[in-house]
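Below are the chains, spelled out letter by letter.
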Amino acid sequence: MKKLSLYFILIAILVACNSTKHVKEGEFLLRDNFFIIDSVKTNASNLQKYVLQKPNSRFLGLPLGLYIHNLGNPDKPKTPTEWAARNPKSYNFIKKIFSEKQSIAYANSFIKLNNWYLSYPEPEVLDITKVNRTANNLNAYFKTEGFFKANVKPIIKRDSVNKKANVTYQIVKGKPTILDTINIYINSPILDSIYKDSNIKSLLVSGNQYKDETFRNEASKVVKLFRNNGIYFFSESALGFYVDDETRPYKSNVYFIISGNRLKDEDGKYVEKPYRVHSIRNVNIYTDYSYEKRDEPLKDTISYNGINFLAHERVRYNPKYLGQSVFMKPGGIYKDTLINLTRNHLKSLKNFKTTNINFSQYGKSEDELNMDIFLSPLEKYTIGLETELTHSNIRNIGVSGKFSLTNRNTFKGAEIFKMSFLGTWFNSNNGPGWEIGADASIEIPRFLAPFGLNKLVPQRMSPKTLISLGTSFQKNIGLDRQTFTFLTDFKWQYDAKRTIEVEVFNTQYIKNLNVDSFFNIYNSEYQSLNDIAQTYYNDPNRTLILPDEAVRFMNTVSNDINFQNTNPLQFNENLNILNRYKIITSDFIIPTIAYSFTYNNQLDFKDKDFSFFKFRIANSGNIIGLLSSTNNSFGKKTFLDIPLAQYFKTDIEYKKFWGFNNNSVFAIRTFLGAIITYDNSDIPFVKSYFAGGSNDIRAWQTYELGPGRSNTGLEFNVGSLKFLTSAEYRFDMFSRLKGAIFIDAGNIWDISGSEFVDEGSRFNGFKSIQDIAIGSGFGARLDFSFLILRFDVGFKTYEPYLNGNKWFRNYNFSNAVYNIGINYPF
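Enquirer: Let's hear about empty space enclosed by the protein: which residues, and what values?
Expert: All chains considered together, the criterion is met by three cavities of 30 Å³ or more. Taken as a whole, the largest cavity holds about 70 Å³ of empty space. Broken down by class, the residue content of the lining of the largest cavity amounts to six nonpolar, five polar and one charged.

Enquirer: Can you explain the packing of aromatic side chains? Please cite residues and give values.
Expert: Inspection of every chain in the model, using the stated rule, returns 56 aromatic pairs. On the numbers, 6.1 Å between centres and 10° between planes, the contact of Phe484 with Tyr509 is stacked. Note that Phe484 is positioned in strand β20 (residues 481–493) and Tyr509 in strand β21 (residues 498–512), a separation of 25 residues in sequence. Its relative accessible area of 36% is what places Phe484 among the partly exposed residues. In this structure an aromatic cluster arises from ring pairing among Phe518, Phe519, Tyr522, Tyr526, Tyr581, Phe685, Phe690, Tyr703 and Phe716. The ring of Tyr537 is capped by Arg542, whose NZ or CZ atom sits 4.0 Å from the centre of that ring.

Enquirer: Please provide a residue-by-residue account of unusual backbone geometry, values included.
Expert: With omega at -5°, the peptide bond leading from Leu546 into Pro547 counts as cis. Looking at where Pro547 falls in the secondary structure, it is placed in the loop between α12 (523–536) and α13 (548–558). The amide bond that connects Gly706 to the next residue, Pro707, takes the cis arrangement and shows omega of -5°. In this model, Lys163 sits at a positive phi of 55°, which is unusual for a non-glycine residue. By relative accessible area, Lys163 is classed as buried at 15%. One non-glycine residue, Tyr703, lies in positive phi territory at about 70°. Here Tyr703 is to be found in the loop between β28 (665–677) and β29 (721–734).

Enquirer: Run through the nonpolar core, naming residues and quoting values.
Expert: The nonpolar side chains of a soluble globular protein tend to be buried with one another. Ranked by size, the top nonpolar core spans 24 residues in total, and within it Ile280, Val283, Ile285, Leu322, Phe359, Met371 and Ile373 carry the most contacts. Elements with a contribution of two residues or more to this core: β10 (279–286), β12 (307–311), α10 (336–348), β13 (352–361) and β14 (368–377). Leave out the neighbours within four places in its chain, and Ile373 touches Val283, Asn284, Ile285, Tyr286, Val326, Thr342, Leu346, Asn356 and Ile357. Within the second largest apolar cluster, 23 residues are counted, among which are Leu529, Ile532, Ala550 and Leu575.

Cut-offs and rules
All residue numbers refer to positions counted from 1 along the written sequence of the respective chain. Whole-chain, interface and lining totals are the exception, using all residues; otherwise, since this is a predicted model, local features are given only for residues with pLDDT of at least 70 and side-chain atom pairs are given and counted only at 80 or more. With hydrogens and water excluded, all non-hydrogen atoms of the structure serve as input to the side-chain values. Only protein atoms enter the 1 Å grid, on which a cavity is a set of points fitting a 1.4 Å probe that cannot get out and a pocket is an open set with protein on both sides within 12 Å along at least 5 of 7 lines, lining residues being those with an atom within 4 Å of a point. Grid points are joined across faces, edges and corners, and a volume is the space filled by probe spheres set on the points. Three residue categories are used. Nonpolar comprises Ala, Val, Leu, Ile, Met, Phe, Trp, Tyr, Cys and Pro, charged comprises Asp, Glu, Lys and Arg, and polar comprises the others, including Gly. Any two rings among Phe, Tyr and Trp, with Trp reduced to its six-membered ring, count as a pair given centres within 6.5 Å; such a pair is stacked if its planes are under 30 degrees apart, edge-to-face if over 60, and tilted if neither. The way it works is that DSSP assigns letters per residue, a run of H or I at least four long becomes a helix, a run of E at least two long becomes a strand, and they are numbered from the N terminus. Only protein chains enter the area calculation, which uses a 1.4 Å probe; residues under 20% of their type maximum are buried, those over 50% are exposed, and those in between are partly exposed. Our definition puts a charge over a ring when NZ of Lys or CZ of Arg is within 6 Å of the ring centre and also within 35 degrees of the ring normal. Within this scheme, the nonpolar core is defined by two criteria: the residues are buried Ala, Val, Leu, Ile, Met, Phe, Trp, Tyr or Cys, and they are joined through side-chain atoms within 4.5 Å. Contacts are residue-level and defined by heavy atoms, with any inter-residue pair within 4.5 Å sufficient.

Next comes the structure, spelled out in structure tokens:
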């Protein structure tokens with residue numbers, strides 16, 4: 001039945017594959033736009049935004065959205081009544097067997113299906129008017145670039161047989177105009193003094209090519225200069241540029257004129273007023289403002305450090321702390337930068353719905369302003385509920401829920417206290433499992449540190465302290481881990497692009513509650529151990545009883561020198577299994593101190609052309625290790641009889657995104673991480689690196705790849721060194737559906753130097769480049785605005801663990817990995 005449905009869909013698509021099906025006679029479907037600039041053909045991606053008519057979007061060279069549109073028919077019935085009139089036999093048949101209601105529903109199903117087809121973009125029919133307007137747009141653009149004599153000529157090539165057309169825009173730029181002398185006239189003594197004292201460097205430079213953008217940037221730069229030096233009423237309307245390009249060909253003299261007066265409305269008449277330097281007389285903060293209460297009397301007023309805090313009911317914020325978010329103080333000179341900093345700082349408190357800052361003239365003074373800040377608080381208590389469906393190669397399907405209670409302004413200093421409860425249920429290869437957890441955290445919008453350390457970072461950098469305490473309990477997830485976590489974190493915004501974070505005391509205690517299930521989870525280890533037991537006991541039918549006999553057997557064999565001499569390979573394999581058993585089943589205390597630096601120049605979520613860089617270095621166990629002098633029977637340092645994780649870990653990640661005018665994005669991501677242990681410590685399983693998965697190397701499942709060129713066959717492969725790089729091209733297909741093609745490369749290795757690690761798993765410098773696995777594939781994404789549902793197919797392109805040819809051996813759908821994820825992989 002599935003094959004019949006597939007054949008039906010394919011036939012329907014093939015029927016619709018005539019892209020000009022709905023193109024009328026005498027009209028032409030726009031196939032392509034081409035650009036030839038000074039006799040050179042180019043894709044001219046920077047010109048696409050000036051093109052008013054573009055061809056239907058394509059996926060793998062096919063206009064799939066148009067094909068779906070062509071399955072519909074605009075002349076089909078729009079209502080059940082019309083459908084019944086055109087299809088009386090079908091309508092009356094359903095009505096006779098069922099009822100009129102079912103007949104209407106039956107008709108509506110066809111109408112909705114037809115409307116769905118037609119909702120996809122209709123054929124882009126060549127429009128001469130739009131072509132000519134595009135040519136005018138392009139001509140205007142090149143003039144803004146200094147090519148005043150540029151010429152744009154559209155050439156249309158029509159194919160009458162196939163009813164298609166291509167448009168070629170032939171562009172001759174000509175010779176660019178160069179800036180000659182730059183003359184600046186400032187008609188105000190105050191503005192002239194500010195300009196000269198600033199030593200500002202003009203963007204208008206003699207000898208540079210004329211560009212409109214340079215003039216706009218120069219205007220913006222001058223406006224910022226004056227408004228950050230007290231000239232509150234200054235705006236771009238006071239600036240004028242006059243360009244004289246008639247004196248000499250392709251040379252322009254520039255006259256930059258700055259007006260000395262502004263226009264002020266007085267009793268309906270505009271009068272000229274000279275620009276003056278303004279200072280702030282009063283700062284008033286309305287802490288419970290709302291539009292509905294704007295005319296009600298103010299019942300509470302507090303003055304602190306010259307700032308007035310007012311409320312209709314009661315001032316609920318501590319003036320000492322709320323005042324730290326206001327950087328424009330009474331008596332200070334007006335500055336745009338301080339106003340923006342105040343606005344952003346107040347927003348970062350996450351206590352207010354809206355933050356509005358208004359200025360008004362103080363009495364009859366020409367030089368002083370009142371600054372009024374209107375804060376509309378969020379609800380003090382809010383309840384949150386989040387749900388999520390999950391899927392991975394470990395968890396077949398799962399559902400999780402998170403309930404949270406938030407208390408804002410907990411201690412009157414804009415703190416945010418949050419309690420969360422988490423529950424997860426899923427079905428896996430080992431049966432159903434679940435996890436429950438709870439945590440409590442408080443975010444303080446300042447540094448909470450002793451000995452005056454809170455003064456190390458200025459308040460303008462929005463310092464925050466986060467204190468968190470949590471626990472979780474797992475059932476049928478690995479070894480049924482129970483975790484306790486305590487975190488003290490300091491974070492601040494160094495500037496708009498750089499963030500610094502210091503984890504001073506991030507401690508995690510991990511306790512495995514079901515160690516006996518080790519060989520059930522890691523069944524491949526059990527099979528290998530049974531093979532060793534059959535050799536050891538010379539019994540091909542010997543099966544170790546779980547769990548006690550298997551554990552005793554590992555310890556027995558590890559001390560048997562005769563077996564080591566007679567069966568060295570199996571002896572070493574037993575040691576490997578025993579070592580992994582000890583690491584994975586061990587409880588751990590992981591006390592971490594970490595430093596993170598993040599650079600992100602993305603302006604907002606709509607910005608598709610930006611870079612991201614993150615560096616993190618962490619140490620576990622250094623300070624507590626100095627306080628402890630006890631070791632367990634395996635020679636591992638302990639604290640309170642619990643093994644102590646001691647390591648240094650460094651992660652470096654870089655991402656770069658390039659946005660194109662056709663709404664497509666090319667993105668790259670590179671990650672490098674390493675863990676180095678000391679004092680004979682092991683690496684906790686939860687802190688190790690793994691490879692594969694929907695956000696990693698998508699041609700392999702999570703934990704499947706590595707380490708190195710080994711093909712261990714283990715359920716969970718981990719390493720202490722990881723390299724990952726990806727490149728992905730994302731593009732629109734039609735409607736909410738987006739496509740992607742990608743390539744991932746990377747692997748994990750072991751750099752611990754352990755004697756139990758085989759040669760193929762070790763990192764051996766540049767020789768290990770040949771161990772880098774490569775996967776490639778394609779994907780589709782449904783964009784729902786609030787989230788993106790992602791489906792990627794990854795093909796194994798280069799497999800380092802194979803013998804002989806390693807390229808494209810399993811590059812097929814049967815060996816592909818099908819990934820389902822939420823949002824983009826990076």
